[in-house]
Amino acid sequence: MKDKIFGVLQRVGRSFMLPIAILPVAGLLLGLGSSFTNTTTIETYGLQWLLGDKTILHALLVIMNAVGSAIFDNLPLIFAVGVAIGMAKKEKEVSALSAVIAYFVMNVSINAMLKISGKILADGSIAKDVLDGTITSVCGIQSLQMGVFGGIIVGLGVAALHNRFYKIELPNALSFFGGTRFVPIISTVVYLFVGILMYFIWPTVQNGIYA
């Protein structure tokens, strides 16, 4: 039993390595881009001729900064896919697609709950009584600020569903939806309810993190 638990923890640890591997590159792009497009830095060292606005290097650094920001802004989704791939035993591409679907489904469910409860108003603005920073935009969807934890929850859950159902056989009338095709279907259904559940659970976790 101990060896089995240790083996699972090893697989979880290895699955984190794939999304983590991109962080140094993203940090380098973001750091260089933001540092060398800073007006004060450019003026202090008299580099307007090289790094000033409308120069080729300035344009390249702006792009680098945008690329680095895009990676960090979407880390939860990257973790969801990376963890699902790392934890899936076989047919890893199916788990990756299912993780993307489940991630969007979970956040859309949370968004719907926030609207139903009046925390997000009809015009898309956030109610005044909502604590600042608890709601954020996730891939264009207003959802709870779960950070990479949201991605990890999706990745681990989808991988478990994938490993359980990717060989499932359905009755002949539904055989088309069997096997690997069943994984994104069950992931969608499960994470619809996970999103509703997280609406109630995550604020407590969030308050603990803030504390």
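Up top you'll find the structure we're talking about.
We now turn to the structure provided with this report. Here, residues in each chain are numbered from 1, in the same order as that chain's written sequence. In keeping with the predicted nature of the model, local features appear solely for residues at pLDDT of at least 70, side-chain atom pairs appear and are counted solely at 80 or more, and the whole-chain, interface and lining totals rest on all residues. To get the side-chain values, take all heavy atoms of the structure and skip hydrogens and water.

## Describing the overall build of the chain
Per the secondary structure count, the chain includes 9 helices and 2 strands. The N-to-C order of helical and strand elements in the chain reads α-α-α-α-α-α-α-β-β-α-α. Its C-alpha radius of gyration of 21 Å places the chain more than 25% over the 17 Å reference for a compact globule of 211 residues. Principal axes of the C-alpha set define a box for the chain whose edges measure 70 × 40 × 40 Å. Within the span of the chain, comprising 211 residues, buried residues form 36% of the whole. Pairs of residues are marked as contacts when any of their non-hydrogen atoms sit within 4.5 Å. Of the contacts formed within the chain by residues at least 6 apart in sequence, a portion of 68% connects residues at least 24 apart. Of note, the chain has its 14 positive side-chain charges centred 14 Å away from the centre of its 10 negative side-chain charges. Helix and strand assignments come from DSSP, with helices taken as H or I runs of at least 4 residues and strands as E runs of at least 2, each series counted from the N terminus. The globule rule is 2.2 Å times the number of residues to the power 0.38, and the radius of gyration it is compared with is taken over C-alpha atoms. Note on exposure labels: buried denotes an accessible area under 20% of the residue type's maximum, exposed denotes more than 50%, and partly exposed covers the range between, all computed with a 1.4 Å probe on protein chains only. This count recognises Lys and Arg as positive and Asp and Glu as negative, with His and chain-terminal groups excluded. Where a charge sits is defined by one atom per residue type, namely NZ (Lys), CZ (Arg), CG (Asp) or CD (Glu).

## Re the packing of aromatic side chains
Only Phe, Tyr and Trp rings take part, Trp by its six-membered ring, and two of them pair if their centres are within 6.5 Å. Stacked means planes under 30 degrees apart, edge-to-face means over 60, and tilted covers everything else. Tallied over the full model, the rule gives 6 aromatic pairs. Note on Tyr199 and Phe200: the rings are 5.0 Å apart at their centroids and 80 degrees apart in plane angle, and the pair reads as edge-to-face. Two conditions define a charge located above a ring, namely a distance within 6 Å from the ring centre to NZ of Lys or CZ of Arg, and an angle within 35 degrees of the ring normal. Here the guanidinium or amino end of Arg164 rests over the ring plane of Phe165, the centre of that ring lying 4.9 Å away. Positioned over the ring face of Phe176 is Arg181, at 4.4 Å from the centre of the ring.

## Concerning the side chain of Ser98
Along the polypeptide, Ser98 turns up in helix H7 (residues 92-116). Under the relative-accessibility criterion, Ser98 is labelled buried at 0%. Counting of polar contacts relies on pairs of N or O atoms within 3.5 Å, with two restrictions inside protein: one atom must be capable of donating a hydrogen and the other of accepting it, and residues adjacent in sequence are counted only when both atoms are side-chain atoms. A polar side-chain atom of Ser98 sits 2.8 Å from the main-chain carbonyl oxygen of Val94. When sequence neighbours within four positions are dropped, the list of residues in contact with Ser98 reads Val158, Val183, Pro184 and Ser187.

## Topic: a positive patch on the surface
On the surface, Lys4, Lys89, Lys90 and Lys167 cluster together into a patch of positive charge. Looking at where Lys90 falls in the secondary structure, it is placed in the loop between helix H6 (75-87) and H7. Lys90 sits in the exposed class, given a relative accessible area of 52%. A patch consists of residues exposed above 30% relative accessible area that lack any salt bridge, with like charges linked at up to 9 Å and nonpolar side chains (Val, Leu, Ile, Met, Phe, Trp, Tyr) linked at up to 5 Å. Each accessible area is a Shrake-Rupley result for a 1.4 Å probe, and residues are judged covered by the shown protein chains and nothing else. Take a side-chain nitrogen of Lys or Arg and a carboxyl oxygen of Asp or Glu: if they are within 4 Å of each other, that pair is a salt bridge.

## Points about the nonpolar core
What is meant by a nonpolar core is a set of buried Ala, Val, Leu, Ile, Met, Phe, Trp, Tyr and Cys residues, joined one to another through side-chain atoms within 4.5 Å. Residues Met106, Val154 and Tyr191 are the most contacted members of the largest nonpolar core, which totals 31 residues. Top contributing element to this core by residue count: H7, with 9 residues. Contacts of Tyr191, omitting those with residues within four sequence positions, involve Ala102, Val105, Met106, Ser109, Ile153, Val154, Gly157, Val158 and Leu161. Counting residues in hydrophobic clusters, the runner-up holds 7 residues, among them Val12, Phe79, Met87 and Ile152.

## Section: the pairing of strand E1 (residues 135-138)
When DSSP finds at least two bridges between two strands, those strands are taken to pair. Pairing of E1 with strand E2 (residues 141-144), which is carried by 4 bridges, proceeds in the antiparallel orientation. Bridge pairing in E2 links Ile135 to Leu144. Hairpin remark: E1 followed by E2, antiparallel, with 2 residues in the connecting loop; positive phi at Cys139, about 55 degrees.

## Brief notes about the environment of Phe104
Mapped onto the fold, Phe104 is located in helix H7. Residue classification places Phe104 among the partly exposed residues on the basis of a relative accessible area of 30%. Separated by 91 residues in sequence, Phe104 and Gly195 place their C-alpha atoms 9.7 Å apart. Beyond its immediate chain neighbours, meaning those up to four positions away, Phe104 contacts Cys139 and Ile141.

## Here we look at unusual backbone geometry
Backbone geometry at Lys54 places phi at a positive 75 degrees, although glycine is not the residue there. Tracing the backbone through its elements, the reader meets Lys54 in the loop between helix H4 (48-51) and helix H5 (56-73). Lys54 gets classed as exposed once you look at its relative accessible area, which sits at 80%. Located in the positive-phi region is Cys139, a residue other than glycine, with phi close to 55 degrees. Here Cys139 lies in the loop between E1 and E2. The exposure class of Cys139 is partly exposed, given its relative accessible area of 34%.

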